[in-house]
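Listed below are the residues making up each chain.
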Amino acid sequence: MSDLPIALTVAGTDPTGGAGVFADLKAMHSRDVYGMAAVTSLTAQNTMGVQDVYNIPADFIDKELNSIFSDEVPHAMKTGMLAETDMMFVIAEYIRKYNIPYVMDPVMIATSGDRLMTPEAMNTLIETLIPLASVVAPNLHEAAAITGMKITEEADIHQALKIIVDDMQAGSVIIKGGHLEGDARDYLYDGQTITTLSAKRIQTNQTHGTGCTFSAVLTAELAKGRTIQQAFKTSKAYITNAIEHSPGIGRGNGPVNHFSYKGE
Ligand SMILES: Nc1ncnc2c1ncn2[C@@H]1O[C@H](COP(=O)(O)OP(=O)(O)OP(=O)(O)O)[C@@H](O)[C@H]1O
Ligand SMILES: Cc1ncc(CO)c(N)n1
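- Where an unreviewed UniProt entry is consulted, the protein chain appears under the name Hydroxymethylpyrimidine/phosphomethylpyrimidine kinase, with the organism given as Jeotgalicoccus aerolatus.
- The UniProt entry for the protein chain carries the following comment under Sequence similarities (unreviewed entry): "Belongs to the ThiD family."

As structure tokens, then:
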């Protein structure tokens, strides 16, 4: 067993490094956590959009995870892009067997609007992965898709939080209000209380991979043994700072700065 906290990301690639596993590894690294990555899909994408996707067969993802878990069990893990149902069944086996904190970022659509999950996979996500998750971290659109609700105001968000934890049996949920008007407000519900964290909305299009980065920091903090409340605070402070200091890479929706946040 290593003393260094270890976090695993199971997600797709973005060759420009702003989203997906490469972004996750940068975020984990900058939080002093050793990052591991199992790839579910290769994408050809950049800051302007997704040009193509190549899904890794589920039995090969099984081999990647077996290589990792048979050698060293990470302290926490996350999933991001899971394009197909079979991938979800494979990953669920490992979460059940090793029972480590699990953050699920239900990636459905890229910032650019491109689909990253088949419609059929949504049901498996709800039935198989949500009940295994310590934290589910949807944005507003994903929360609406998961609950089948129209989410236009705060009361809708509160209802969606409760559906995902009380009915669908997630350990907790963070609905990210990044796509609402006004302040960038996020809502955590752990089955008992709703905690909100707000930041001033930054007027920018440099938000490629914000969701990936946010959930990677959450996972890194859980790998250190922090509580979900503490991890939520760190992730929010980190992502706000990272958007503020975005490096201006690419010609479209550029990535955030994974190295600017220096907080504890
Ligand atoms: N313009 C902004 N200003 C400040 N904070 C923001 C802004 N946009 C997003 N955030 C914050 O970034 C985090 C990620 O939220 P967001 O809703 O963008 O996730 P996402 O849609 O899953 O990301 P992705 O674009 O990677 O799919 C949240 O904490 C959200 O409040
Ligand atoms: C690989 C990958 N995962 C997630 C997202 C969502 O931002 C993306 N654009 N690409």
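Details of the overall build of the protein chain
(1) Moving on: Across its full length, the protein chain carries 8 helices and 10 strands.
(2) Moving on: Taking 264 residues into account, the globule formula puts the C-alpha radius of gyration at 18 Å, and the protein chain, at 17 Å, falls close to it.
(3) Moving on: Once the C-alpha set of the protein chain is aligned to its principal axes, its extents read approximately 45 × 40 × 40 Å.
(4) Moving on: Looking at the protein chain residue by residue over its 264 residues, the buried ones come to 55%.

Quick look at the site of ligand 1
(1) Moving on: Around ligand 1, the structure places 19 residues, and the nearest of them are Thr111, Asn139, Lys176, His179 and Asp186.
(2) Moving on: For ligand 1, an oxygen atom lies 2.5 Å from a polar atom in the side chain of Asp186.
(3) Moving on: Residue Ile202 places a main-chain N or O atom 2.9 Å away from a nitrogen atom belonging to ligand 1.
(4) Moving on: In isolation ligand 1 offers 620 Å² of accessible surface; the protein chains occlude 94% of this area.
(5) Moving on: Sorting the residues of the shell around ligand 1 by element identifies strand 9 (184–189), helix 7 (210–223) and helix 8 (228–244) as the ones contributing at least two each.
(6) Moving on: When residues in the shell around ligand 1 are grouped by element, the largest group, 4 residues, is from helix 7.

Description of the packing of helix 5 (residues 140–147) against helix 6 (residues 154–167)
(1) Moving on: Close contact between helix 5 and helix 6 brings their axes to 10 Å; oriented N to C, the two are set at 55°. In this view, helix 5 runs oblique relative to helix 6, as classed from their interaxial angle. You can see that helix 5 and helix 6 cross each other, and the crossing is left-handed. Across the interface between the two elements, Leu140, Ile146 and Thr147 from helix 5 touch Ile157, Ala160, Ile163 and Ile164 from helix 6.
(2) Moving on: Here the residues of the contact of helix 5 with helix 6 sort into 6 nonpolar, 1 polar and no charged.

As for the site of ligand 2
(1) Moving on: The full set of residues close to ligand 2 is Gly12, Thr13, Ala19, Gly20, Gln45, Met81, Val107, Ala110, Leu116 and Cys212.
(2) Moving on: At 2.8 Å, a side-chain N or O of Gln45 approaches a nitrogen atom of ligand 2.
(3) Moving on: Contact with the protein chains removes 94% of the 290 Å² of surface that ligand 2 exposes when unbound.
(4) Moving on: Residues belonging to the shell around ligand 2 are distributed by class as follows: 6 nonpolar, 4 polar and no charged.

Re the packing of aromatic side chains
(1) Moving on: This structure, assessed with the given rule, holds 4 aromatic pairs.
(2) Moving on: A ring pair is formed by Phe69 and Tyr94, whose centres lie 5.4 Å apart and whose planes are at 35°; its orientation type is tilted. Residue Phe69 is found in helix 2 (residues 58–69), and its partner Tyr94 is found in helix 3 (residues 85–98); the two are separated by 25 residues along the sequence.
(3) Moving on: Both rings, one in Tyr94 and one in Tyr98, keep their centres 6.5 Å apart while their planes meet at 10°; by these two values the pair is stacked. Placement of the pair is Tyr94 and Tyr98 together in helix 3, with a separation of 4 residues, close to one helical turn.
(4) Moving on: Clustering of aromatic rings is evident, with ring pairs tying together Phe69, Tyr94 and Tyr98.

Considering the nonpolar core
Soluble globular proteins: nonpolar side chains tend toward being buried together.
(1) Moving on: Counting 60 residues, the largest nonpolar core has Leu65, Met77, Leu129, Ile130 and Ile146 as its most contacted members.
(2) Moving on: Sorting elements by how many residues they give to this core places helix 3 first, with 7 residues.
(3) Moving on: Ignoring anything within four residues of it in the chain, the contact list for Leu65 reads Leu8, Val10, Ala38, Val90, Ile91 and Tyr94.
(4) Moving on: Counting 25 residues, the second-largest nonpolar core is a separate cluster that includes Val135, Leu188, Ile243 and Val256.

Rules used throughout
- Residues numbered from 1 in each chain as written.
- Chains lettered and ligands numbered in written order.
- Predicted model: local features only at pLDDT ≥ 70, side-chain atom pairs only at ≥ 80, totals over all residues.
- Heavy atoms only, no water.
- UniProt positions renumbered as here; feature names shortened; annotations may be inferred.
- Helix = DSSP H or I, 4+ residues; strand = E, 2+ residues; numbered from the N terminus.
- Rg over C-alpha atoms; globule rule 2.2 N^0.38 Å.
- Buried < 20%, exposed > 50% of the residue type's maximum accessible area, 1.4 Å probe, protein only.
- Near = heavy atom within 4 Å.
- Polar contact = N/O pair within 3.5 Å; in protein donor to acceptor, adjacent residues only side chain to side chain.
- Areas by Shrake-Rupley, 256 points an atom, 1.4 Å probe, with all protein chains shown as cover.
- Axes fitted to C-alpha atoms, helices over the stretch in contact; angles between N-to-C directions.
- Parallel < 35°, antiparallel > 145°, perpendicular 65-115°, else oblique.
- Left-handed = near helix turned anticlockwise from the far one by under 90°.
- Contact = heavy atoms within 4.5 Å.
- Nonpolar A, V, L, I, M, F, W, Y, C, P; charged D, E, K, R; others polar.
- Phe/Tyr/Trp six-rings, centres within 6.5 Å; stacked < 30°, edge-to-face > 60°.
- Core = buried A, V, L, I, M, F, W, Y, C linked by side-chain atoms within 4.5 Å.

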